[in-house]
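Working through the structure, step by step
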Amino acid sequence: MSKGFPLLLGAGPLPEQVMRHACEAIAQAWVCALQSYECGESPQKVLASTTSTSGLVRLCGDAAQFHNDGGSWLEAIADWRRPVLLLVPGEDNGSISGSGPAYAALCRELKVPLMGLVQLHGGWDRSGRRQDGQPWRGWIPAADHPDHNDAVATLGLWLQRSTLSRPTATGAGSAQA
């Protein structure tokens, strides 16, 4: 069972501003610290210097990309058994790219403790998210969207309730789906 604060990873490279604002909103809703690291930094050094009790950790860049130290960030995260929340970009029509399900499958393959997926921006297709079989945990619409504050608060509540008491995600289900 994974406990503590998750690492926040993009399902592939995400626009810096979108990811930063989403991670800041999650940290604010959860009332915790947020640390940011680049994928170019040593996974072993960063993971050794942070703990799952020290607050949220945002990883900027592509966590699946091969690192100069050997392996990828995802492989190091699996070795350290650190929980992960994947952030997936959404489309205006409510669809998502294949990067979200692909990263979720890679996490399962590497045995990364996956807490779930969170859609960033785009339209929220509740029935589509329920049907795609992924462990969706919510949606963070753009800051100017009328549902932004409610969606962030709902995700924050789910995180508060789940991180200290539930195992990692294995199938479909969502706090908002």
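This text gives an overview of the structure that appears in the document. (Residues numbered from 1 in each chain as written. Predicted model: local features only at pLDDT ≥ 70, side-chain atom pairs only at ≥ 80, totals over all residues. Heavy atoms only, no water.)

**Description of the overall build of the chain**
- Scanning the chain for helices and strands turns up six helices and six strands.
- Helices and strands in the chain line up, N terminus first, as β-α-β-α-β-α-β-α-β-α-β-α.
- Residue burial in the chain is summarised as follows: out of 177 residues, 50% are buried.
- If you sum the accessible surface of the chain, you get close to 8200 Å²; carbon and sulfur atoms cover 49% of it. (Helix = DSSP H or I, 4+ residues; strand = E, 2+ residues; numbered from the N terminus. Buried < 20%, exposed > 50% of the residue type's maximum accessible area, 1.4 Å probe, protein only. Areas by Shrake-Rupley, 256 points an atom, 1.4 Å probe, with all protein chains shown as cover.)

**A word on the nonpolar core**
- Core analysis: the largest hydrophobic core is formed by 29 residues, its most contacted members being Leu9, Trp73, Ile77, Val84 and Leu86.
- Among the elements of the structure, strand 1 (7-10), helix 2 (43-49), strand 3 (56-60), helix 3 (73-80), strand 4 (84-89), helix 4 (99-110), strand 5 (114-120) and strand 6 (136-140) are those that each provide at least two residues to this core.
- The residues touching Leu86, leaving out its near neighbours within four places in the chain, are Leu9, Gly100, Tyr103, Ala104, Cys107, Leu114, Gly116, Leu117 and Val118. (Core = buried A, V, L, I, M, F, W, Y, C linked by side-chain atoms within 4.5 Å. Contact = heavy atoms within 4.5 Å.)

**Structural notes on the sheet that holds strand 3**
- Taken in spatial order, the six strands make up an open sheet running 2-3-1-4-5-6, and their pairing is parallel. The sheet terminates laterally at strand 2 (34-38) and strand 6, the two strands that pair on one side only. Direction aside, neighbouring strands of the sheet carry axes that sit 25° apart on average.
- Here four bridges tie strand 1 to strand 4, and the two strands are oriented parallel to one another. Among the inter-strand pairings, Leu7 is bridged to a residue of strand 4, identified as Val84.
- Contacts from helix 3 reach strand 1, strand 2, strand 3 and strand 4, with the element oriented near 155° to strand 1.
- Packed onto the sheet, helix 4 meets strand 1, strand 4 and strand 5 and runs at close to 160° relative to strand 4. (Pairing = 2+ DSSP bridges. Axes fitted to C-alpha atoms, helices over the stretch in contact; angles between N-to-C directions.)

**Quick notes on the pairing of strand 1**
- Burial of the side chains of strand 1 extends over both faces: Leu7 and Leu9 are buried on one face and Leu8 and Gly10 on the other.
- In terms of strand pairing, strand 1 meets strand 3 through three bridges, oriented parallel. Note on strand 3: the bridge partner recorded for Leu8 is Arg58.

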